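Summary of the model geometry
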Amino acid sequence: LLDDLRAFAAGGSFDPAGFEGTVTIAANDLQRDLLLPLLLRHARIRAPKLALRIVPSGVPSAEMLRDGGCALAITPRPPDAADLVRRRLFDDRYLVYYDAAARKPPKTLDDYLQSEHLVVHHETRGRLDIDRFIDERGMRRRIAATVAGFSGVAPFLRGSTFLATLPGLLRASLLRGFATVEPPFHCPPMPMFMVWHQRHQAD
């Protein structure tokens, strides 16, 4: 990500050591917790007076990048507009999370569907793409609880027999310590993009 930000700044003359100001980045809890603390630590080595302001992205709109609400958005759902620039950072895979002290992993699709599930429904961005994908293929699950963000999953998952099908990168942060298994069906990866307005290309 730091290399991409260097490329982002390479369009004009830029001296990180002399920069003093705040850069606003729109990100939801996955991107915020996984990427941005490390980004700030690395960036402050070269730009010691840099400050980050992190705002929720929801489903980012072109307007929030056009009107200065943020300089950069990190999201799996980039807005599509001719005046925006985007770069695909990486792809993540989905995993099924569970508490190994409370249950065994689902071994078949029937095991998976007969279990109770936790799902995430963001207030602004709605259901996760993986949940839409599952529903569109007619796989009906019993939902035990719906939480408003990834940070709400662990308290419900711990000590329960519930399953949660979520991005694999959560293993390194919010869902550290939970067991995981591959979903018992083929599912697409989750892409992650960095998006900015073209007026910042030489900033």
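Residues numbered from 1 in each chain as written. Predicted model: local features only at pLDDT ≥ 70, side-chain atom pairs only at ≥ 80, totals over all residues. Heavy atoms only, no water.

**Regarding the pattern of salt bridges**
Side-chain pairing between opposite charges can occur once the charged atoms of the two side chains come close. Under the defined criterion, the tally for this structure stands at nine salt bridges. Ionic pairing is found between Asp83 and Arg66, a salt bridge with its closest N-O pair at 2.7 Å. Note that Asp83 is positioned in the loop between strand S3 (72–75) and strand S4 (84–92) and Arg66 in helix H3 (residues 62–66), a separation of 17 residues in sequence. With a relative accessible area of 16%, Asp83 lands in the buried category. Take Arg66: its relative accessible area is 33%, and that puts it in the partly exposed class. When the shortest N-O distance is used, the salt bridge between Asp131 and Arg141 registers 2.9 Å. With a gap of ten residues between them, Asp131 in helix H5 (residues 129–136) and Arg141 in the loop between H5 and strand S8 (142–147) connect regions that are remote in the sequence. We classify Arg141 as buried; its relative accessible area is 14%. (Salt bridge = Lys/Arg side-chain N within 4 Å of Asp/Glu carboxyl O. Helix = DSSP H or I, 4+ residues; strand = E, 2+ residues; numbered from the N terminus. Buried < 20%, exposed > 50% of the residue type's maximum accessible area, 1.4 Å probe, protein only.)

**Section: the sheet that holds strand S1 (residues 20–26)**
Sheet architecture is open: five strands sit in the order S2-S1-S3-S11-S4, paired in mixed fashion. Here the strands that pair on one side only, and so sit at the sheet edges, are strand S2 (49–55) and S4. This sheet shows a mean twist of 25 degrees between the axes of neighbouring strands, independent of strand direction. Sheet topology note: the S4/strand S11 (residues 190–197) ladder contains eight bridges and is antiparallel. Looking across to S11, one finds that Val85 is bridged to Trp196. Along the sheet, helix H2 (residues 29–46) contacts S1, S2, S3, S4 and S11; its crossing angle with S2, the most-contacted strand, is approximately 175 degrees. (Pairing = 2+ DSSP bridges. Axes fitted to C-alpha atoms, helices over the stretch in contact; angles between N-to-C directions. Contact = heavy atoms within 4.5 Å.)

**Some remarks on H2**
Compared with an ideal rise of 1.5 Å per residue, which puts 18 residues at 26 Å, H2 spans 26 Å between its outermost C-alpha atoms and is within 8% of the ideal. Of all the bends in H2, the greatest, near 40 degrees, is centred on Leu35, and the proline Pro37 appears no more than four residues after it. Residues of H2 that are buried include every one of Asp29, Leu30, Gln31, Leu35, Leu36, Leu39 and Ala43, and no others. (Expected span 1.5 Å × (residues − 1). Bend = angle between axes of the 7 residues up to and from the residue.)

**Some thoughts on the packing of aromatic side chains**
All told, the structure shown has one aromatic pair when counted by the stated rule. Each ring, one from Tyr112 and one from Phe185, has its centre 5.5 Å from the other, and the planes form 65 degrees; the classification is edge-to-face. Placement of the pair is Tyr112 in helix H4 (residues 109–114) and Phe185 in the loop between strand S10 (179–181) and S11, with a sequence separation of 73 residues. The class for Phe185 is buried, based on a relative accessible area of 14%. (Phe/Tyr/Trp six-rings, centres within 6.5 Å; stacked < 30°, edge-to-face > 60°.)

**Some details on H5**
Regarding H5, the residues found buried are Ile130, Asp131, Phe133 and Ile134. Take H5 and look down its axis: the buried residues cluster within an arc of 160 degrees, on one side only. Two residues or fewer past H5, Gly138 is found with a positive phi of approximately 75 degrees. (Arc of directions from axis to C-beta.)

**Some remarks on the confidence of the model for the protein chain**
Taken as a whole, the protein chain shows an average pLDDT of 89; of its residues, 91% reach a score of 70 or greater. Element-level pLDDT for the protein chain is lowest in helix H1 (residues 2–9), with a mean of 57, against a maximum mean of 98 in S10. (pLDDT = per-residue confidence, 0-100.)

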